[in-house]
Amino acid sequence: PTHQKPSAGFAFKLSNNILLLGHQYGLASVWKGSAIPDRARSTGKLAMRFHSCGVIGLLACAFFWNSVDGQFCSFFGNKSPSPQPGLQNCTWYRESSCCVNEEITSLFSKVEVPANSNGHCRNYINYLMCYVCDPMQSNFYAQERLTVCEDFCDDVLAACANAVLKGTRLGSRYANGSAFCADRRFQVSTASESCFSLEKSKRTLNSGSLAKPNVFLILLAMLGVVGVSGRKSAVLLLGIAGIMLLLSGRGEALASDSDIKTMAASIRTTLLSVASNGIKRTAVQSVYDGATSVNDGLNVTYILGNIEEKLMSLTDDLNFAANAVKTAVRDSINTAGPPTIIGKSPGLDTLSRSVFLDADSIFDSPALEVQYNSTFRRYVSFQQSSVKVPSDVDYKSSSVYDEVKWSAGIDSVLRTLQLRRNTRWAYFGSENGIYRSFPASEWGSNFAGFRTDYDARTRPWYLAATSGPKVVGIFLDCSVSMGDYGNWAIAKAAVKQIVNSLSRDDQVNIVCSRGGYINRGGRRVYEYPSILGCKKTSMMRATASNRAQLLEQLDLENPYGSGEEHNDAMDKLTNLYPTGTGAAAGCEKVLIVISDGRDTDDGAFRNICYDKNRGSYGCNLLRTNFSPLYTKATTARNKGYRIVGIEAGNLGSTLPGKIGCDNGGIYVRLQSTGNIRTQLSPYYSYLARLADTDNDVIRPTSPYVDVSGLGRIISLSRSVYHPRYPGTLVGVVGVDAVLDDVENTLLDDQFGLSYAFLIDSDGRAIIHPRLKPSAELVDDPVYPHISQLEVHNSLPTEFSTPTTGVLPRMLNQNTGSVAVIGPRAQQRGGLQDGVVWINDIPFTYHFSAVTSTQYSFAFVLTADDAEQTMLASRAYTPGQGTDYYHEISKYNTATKATIDYTTNDLQYANLAVARNASTFKLAAQAFCDPTRYLLSDVPNFTTVDTFFNGASMAPSCGSAGALFVPEVRSTVWVTQPLETTWKTRIAAIADQVVWTYFGSANGMWRSYPGSRSTRDYDPTRRPWYHRALANNPAVYATSAVYLDAGGVGKVVTLAQTIFQTRAMSATGVPASGKVPSTECSATSNRAGNCACTAHNQCKSLYCYGSPTRCANPKIAGVGAVDIRYNKFTGMIEAAFTTQGLPASDRCTTNGTRCMLINDAAEVVYDQSFQSAADGDPRNYQNVPLGYLNGAVMLDLLNQGIFDRFSFVNLQGTCQTAPYAARASDRDLLLSAEQRDNFYINRGPIPRFQNDYGCQLDQIQYQRNTTVDLTNSVGKTFTGPCGKGNYRIFPVPETNLLLLIVE
C-alpha cells in the first residue's frame, strides 16, 4: 500500500506462495501488474493456460518487478508508464513515459504562456509542463496536488523574469521561484525524492534504473521454486509441463446435451441457494403482505401543478435577478465619476480589495472570509464579488480601470440575490471582457498552474443577450496565395475564434474555397470547394462536439490551388442556410467571407498558367474574376443575410472590404494572430447592433456546462446599454440556475413506467429518464430529439400527428393531454444497457409550458400507475427496534451502545460497518424538498434519527416543518424486521455475500451490514434495480461483474422484485371490492390476489404463497445481494465439477472454455475475470461476448438466439488517448464519505480528463425468448482466427446462459 520496494525476504516468500498457487489453481501470468488476457480475448486463438507452472509466471513477475514498483501515472488515472518512441515533445521520456502524443496535444495546446515570453522562457515552461510525462510522477503528484522542487521553481522564474503577467514583469511580481510556484498553487519542496525537477528526472532516466530486470530477484525466485518442490527435478517437470500446455491444446469432445443441462442445473441450485438465503425474498415479501396498505388514485392535476409551480419559481427568481442586476449596473454608471483620461490609468493593482478582488488569487487576501459552500461546490466568499480579467486585456487600460471601478457598486444588489434559492452565480460582463461575479471564488488552474482564461464576451450567456440565435456561414479562401505572409495562420485563428464563440443555439458550417491549377509538370489538377462540416447539405448545431469536429477538419486543410471556383463555393455556402419556417427561420443569417483579397496567385505558377475564361494555357498570372462573387453577396444581402468581410493580412486588398461595406455589413482587417478576439471586436459589436437594443427582453440560453464545475446550467441574461448614450452597449448581466434542480423536480415523480420530461422549442429532450443525469456529463451534450426517445417503430402515432399530436401541441406551448396505446421503454440496467420495449401499454401524455421560456414539460402516466398502492401511515410502537441512519460514525457509542461499528474489518476494506445492525438511507425523492437535501446539510443527523425512532406525527409535504414524504417512515418501520432475518441467515453464505439490501420504490434503502452511503445515492436509479424490473420477476436477475461502490472490489449482484401487498382478507380470499371476479377468470393478466397455478397467468408474472395467488403488479421495491466475485467464481467452478461429468473437468482443461452470459450477451463469468485487476474494469465489466469470441457471437445471432440492435448514442463518451489499464488504486477508490466530500478536499491541479462527449454508433444485444432452448444448442463455428464447437443452454430461474466453447 505504501509502494515501498519489498525486501529480498519478502520476494523469497512470494516465490514460495506463488508456486503453491500455481500448483493448486494454475497461474495467470503477470505483466506489469496486470493479468495477461487470454490470447483468445484478442485473437480468437486457443487460450493460454498455465497449470502447475508457477515458474514461468514467477520469472515474468520478477523481471518486471522494478518497472511496477513505484511507477504509475497518477496524473493519468494511475495507468502504467510505457515506451513511447514516437513522442513529439518531452522526448527525453521516450524510453518510459506516462503520456502519449494525443495527451500532450490536448494539454499543451490550451496553455497560454505569459506575454513577452522569449524562447528561453517558453522552453522552461515547456520543461515544467513535461512533468505529466515523468514515469515517477506518483512521487510528486497526488490528490490533485503537484509538488515542485524549489531549485526548479527558481530556474523557471529566472528564465521568465522579463515575461509579463497582468501588466507586471514576473521578475518584479515574485520575490523568488517559491513565490512563483506558490502562486501557481504548487507545493514547493526541497526534498528531491518527492518533488519534480527536470534535472532530477533526467538523472533518473539516465541512470538506467527504469524497467530493467532484476537478476537477483530472478535467482531468488528460482530458489523459492526449489524450496517448495524439494527436488530440482520438479523445476524441470513443471517447466516442461508448462511449455507443453502452452504449445499444444488437448482436443476434447464437446459437452453433451445432458452434460450441459446437469451443469446448468447445478449452477442454478448454487445461485438460488445463495440468493434465496441471502435476499430472503419470502421474508421480505411477507413483510409487505402483512402491512396495511391503501390504494390512492393519482392526482395528475396536482403533479402537473407542482412541477409547473417549481419551474415557474425558478424562472421567476432568475428574471427578478437579471432585472435587479441590470438596474444596479445602470445606477452604478449614473453615479460614477468622470472617465479616466486615456493613458492615465494608475492600473488595477492600485484599486482597493473591496473594488478589485482578483478572481485568480482570492486566497491571497487574508482578511477575506472564504468557506466551502455545497450549493456552489467550491470555496466562496459572500463578502463581495470577484473580478476576472481576460489575459489579452491591458491591465493599464483606462476603460478597463473605469469598468472595474464603477461595477463594484453592484455588490450590494448581488449579495441580496443569494436569498433567492434558485439562483447561483450572478454576474456582469463588460464590452472589454471583464467578468464580475458573486459570490467571490478563485478561478481554476490548468495543469501548468496558469489560471484558465475567461473572456465574458465569448460565453453563451453574453452572446445570447447581444446577438441572439444566429446561422453563421463562413466562406474561407483556401487558395495558394493565403499561404503567403502568414495569412493562413491569421485566417485559421479567426475561424477558430468565431466558431468557438458560438453556442448550441447557433448553427454553423464552413466552405473551403479553392479551384484547379496547372502543376509545375504542366498537368491540369482539378480542385473544388469542400464543405468542412460533417453535414454536407445543411448547417449544423454549434454544439461542443460539432465545433470540435469542424475545427479538427480545419486543421487538416492547407492553402493550395486557385480561386477560380470562388463563385461555386459561394453557391455551396448559401445553399446550406435553412429556408422556410423551421426552428432557424427567425434567426439572423450571417455570411462571413475570410480572404487575403488577392485575385492573382502572385506568380506561384510561374511557367504555365491556365485562364479559365479563355479555356487556354498561357504565361499570364492566373487571375480570379471577383465580379460574380460581389453579385452573389449582394443577392444574399437582399435575402436578409448580414455580410461580414474579413481580410487576413495587411495588404489592403479590395475583396473583403467591398463585399462587407457595399452590402450594408462591416469590414474587419486582421493583422496578426495575436489578441484575435480584440481584433474581431468590430464583428461582435456588429452582432450586438443587430440584436434588439435597450429593451426588456431577457434571453435564456440552452443548457451548457458551467466552467466553474456546477455541471449543466441555464443562464438568463440581458444586455445593458449606457443610460446617457443610447445604443452604446456597456455589457451583459446574467444569472445561472443549475439543471440539477430542474432534474430533481421532474424526476421526483418517476415511478413504474411513468415519468416526466422537458423539451425546448426545437423538440430537443433536455431532461428525460433515458438521458445521462447532469452529474455524469463530461462536456456540452448533444440533445436528441424527443421523438427518438418516445417513439418506437413509429408508435404511438398520436405523438407526432400534425397539429393535434403531443409534440406539435407542446412546441406551440399548449396545455392539454392525449391518451394513447403504444410501447413503453423499461431500462434493463444502466443507461449503457439500453431498454426493453413493452408493447400495447395504455398511457396518457399530460403536458404544459413553462411560461416565459422556450421550454415545455410532459408527465407520462400509464393506466396501471394511475392508482398507487402505498403503505398506510402507522403509529410508532415502543420497543419496535432501533432504525439506524446510514451515517453510523455520528452515533455516540456511549448513548447508542446497541450499534457496534468498526473501521478495522478487513473483509470490508476498512470501511465503517456495523455487523450487528442494518442501516437505512433516504434518496432525494424521499424528501419534500429534494434539492435542498442534496445541496445542504438539512436535515441534520439528529433530526433524522429522532424522527425515525420516535412517536412524533409525520406531516404531509407542504405542511409547516415537513421534511419527509410521509410514506417513507412507514417503509423504514415496515422493513425493520428484515434486519433480524438477514442477521440470522445460514452461516454457509456469510462468507459469500458482502452486502444485502432492499431498495423501495419511494427511495428508501436498507442495507446489511450497516454502512454509510453517498448523499446522492438513489436505489431506484441503480442498474440492479432496473435490471430486476426488466426481467421476469420469477427469476433472479444477475448483473455483470462490476466494481463495488463501497470499495470491497469486484462483485456480482442477484436481485428480485418485491411487490406491494395483495390486500388479503382474513379468509385468504380477495378483499371485498378489491378484485373484480372477471379479472380472476382470465387465462392471463390476472389481477393481484387472484388464484393462480403458474406465473404466466398473472399480470405481475409472479404466482406465490399458500394458497398460491398472483402478486400485486404494483412494485414495492427490489431486494438484492452482492457476492464477492472470487466467491462467485468458486461457486461456479464448483458447479462445473458436479456429479456426472468427467473427472478431467472440461471447463478448466486447455482448449475448453466455459462462460456465463446474461440476456444482454455480456459475460458474467470467465476464468480471466478473476485475475483482472479491480482497477481495470474494462477487462471484466460489461464485456460483450463478441469481444471474447466474435465467431460464436455471430453464430448465436445467425441462430436467432440473440437479436442485435444498433443506435446512435448522442450523449456518448469518447477518449482523447487510447484506453490504458490502472496500475494502482491510490486516490481512486474512495469511500462514500470521501466521495461526498470530493469538492471540499479536491486539489488545485485536477487529473487529466481523458473523456469527452461525443456521438457514438452503439450496438446492443437482447436474448430472443421466442427461440426454443428446451434442449441445448450445439454448433460448429468458424471464424477468421480459428474454428471449434460450442453448446449453450439457459440456467433455469435466472437470466443467465451457460456457454461451453471448445
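Just above, that's the structure.
Scanning all chains against the criterion turns up 11 disulfides. Here Cys99 pairs with Cys133 through a disulfide, and the sulfurs are 1.7 Å apart. One quick way to see it: the torsion about the S-S bond of Cys99 and Cys133 is about 95 degrees, and its sign makes the bridge right-handed. Taken together, the residues Cys99 in the loop between helix H4 (65-68) and helix H5 (101-108) and Cys133 in the loop between helix H6 (119-129) and strand E3 (141-142) connect sequence positions 34 residues apart. Shown here is the disulfide that connects Cys928 with Cys957, its sulfur atoms set 2.1 Å apart. Taking the torsion about the S-S bond as the criterion, the Cys928 to Cys957 disulfide, at about -80 degrees, is left-handed. Note that Cys928 is positioned in the loop between strand E39 (919-922) and helix H29 (930-935) and Cys957 in the loop between helix H30 (941-947) and helix H31 (966-974), a separation of 29 residues in sequence. Residue Cys957 is classed as partly exposed on the basis of its relative accessible area, which comes to 32%.

Taken together, the side chains of Glu150, Asp151, Asp154, Asp155 and Glu199 define an acidic patch exposed on the protein surface. Residue contributions to the negative patch peak at 4 residues, all from helix H7 (residues 150-159). When you line up the elements, Glu199 lands in helix H10 (residues 198-206).

Glancing now at the nonpolar core. Judged by nonpolar contacts, the single largest core of 58 residues is most densely connected at Ile267, Phe1128, Leu1156, Leu1185, Phe1202, Ile1288 and Leu1298. Ignoring sequence-local partners within four residues, the contact set of Leu1185 consists of Met1155, Ile1157, Ala1161, Val1163, Gly1190, Val1192, Met1193, Leu1196 and Leu1299. The next biggest cluster of nonpolar side chains, apart from the first, holds 47 residues, and it includes Ile104, Leu146, Tyr174 and Cys195.

Of note, Glu967 is situated in helix H31. Ignoring sequence-local partners within four residues, the contact set of Glu967 consists of Met870, Leu871, Asn1002 and Gln1060.

Counted under the stated rule, the structure contains 35 salt bridges. When the shortest N-O distance is used, the salt bridge between Asp183 and Arg184 registers 3.4 Å. Residues Asp183 and Arg184 agree in their burial class; the two are buried. When the shortest N-O distance is used, the salt bridge between Glu1293 and Arg268 registers 2.5 Å. Taken as a pair, Glu1293 in the loop between strand E54 (1282-1290) and strand E55 (1296-1301) and Arg268 in helix H13 (residues 257-279) lie far apart in primary sequence, 1025 residues in all. Connected through salt bridges with shared partners, the residues Lys166, Asp358, Asp360 and Lys388 form a single ionic network.

The next thing to look at is the sheet that holds strand E53 (residues 1273-1279). With respect to topology, 5 strands assemble into an open sheet ordered E50-E49-E55-E54-E53, the strand pairing being antiparallel. On the outer flanks of this sheet lie strand E50 (1163-1165) and E53, each paired with one strand and no other. Neighbour-to-neighbour, the strand axes of this sheet turn through a mean angle of 35 degrees, independent of strand direction. Docked against the sheet, helix H37 (residues 1190-1198) engages E53, E54 and E55, running at close to 125 degrees with respect to E53.

Moving on to unusual backbone geometry. Following Leu795, the chain continues to Pro796 via a peptide bond in cis, the omega torsion being -5 degrees. Here Pro796 lies in the loop between helix H27 (786-790) and helix H28 (806-811). Residue Pro1107 is reached from Ser1106 by a cis peptide bond, and omega for that bond is 0 degrees. Note on placement: Pro1107 falls in the loop between strand E46 (1103-1104) and strand E47 (1109-1110). Phi is positive for Glu144, which is not a glycine, with a value near 60 degrees. Position of Glu144 relative to the elements: it lies in the loop between E3 and strand E4 (145-149). We note that Asp1227 has phi near 70 degrees; this positive angle belongs to a residue other than glycine.

Strand pairing in a sheet is mediated by backbone hydrogen bonds. Such pairs are either parallel or antiparallel. Spatially, 3 strands are ordered E37-E38-E42 in an open sheet, and the strand pairing comes out antiparallel. Edge positions in the open sheet fall to strand E37 (901-902) and strand E42 (1010-1011), since each of these has one partner strand only. Across 2 bridges, the pairing between strand E38 (residues 913-914) and E42 is antiparallel. Across the sheet, the residue bridging to Val913 is Ser1011, located in E42.

The next thing to look at is the environment of Gly816. Mapped onto the elements of the fold, Gly816 is located in strand E32 (residues 816-827). For Gly816 and Ala849, which are 33 residues apart along the polypeptide, the C-alpha to C-alpha distance reads 9.9 Å. The contact partners of Gly816, leaving out residues within four places of it in the chain, are Arg809, Tyr845, His846 and Phe847.

The next point concerns the pairing of strand E33 (residues 835-849). Looking at chain direction, E32 and E33 are connected through 11 bridges and run antiparallel. Residue Val820 lies in a different strand from E33, and its bridge partner there is Phe843. As defined by bridge partners, E33 adjoins strand E34 (residues 856-862) across 7 bridges and the pair is classed as antiparallel. Bridge pairing in E34 places Thr844 opposite Leu861. As consecutive antiparallel partners, E33 and E34 are separated by 6 residues, and within that stretch Ser852 has a phi angle of approximately 65 degrees, a positive value.

What counts, and at which threshold
- Residues numbered from 1 in each chain as written.
- Predicted model: local features only at pLDDT ≥ 70, side-chain atom pairs only at ≥ 80, totals over all residues.
- Heavy atoms only, no water.
- Disulfide = S-S within 2.5 Å.
- Helix = DSSP H or I, 4+ residues; strand = E, 2+ residues; numbered from the N terminus.
- Buried < 20%, exposed > 50% of the residue type's maximum accessible area, 1.4 Å probe, protein only.
- Patch = residues over 30% accessible without salt bridge, like charges linked within 9 Å, V, L, I, M, F, W, Y side chains within 5 Å.
- Areas by Shrake-Rupley, 256 points an atom, 1.4 Å probe, with all protein chains shown as cover.
- Salt bridge = Lys/Arg side-chain N within 4 Å of Asp/Glu carboxyl O.
- Lys, Arg positive; Asp, Glu negative; His and termini not counted.
- Charge placed at Lys NZ, Arg CZ, Asp CG, Glu CD.
- Core = buried A, V, L, I, M, F, W, Y, C linked by side-chain atoms within 4.5 Å.
- Contact = heavy atoms within 4.5 Å.
- Pairing = 2+ DSSP bridges.
- Axes fitted to C-alpha atoms, helices over the stretch in contact; angles between N-to-C directions.

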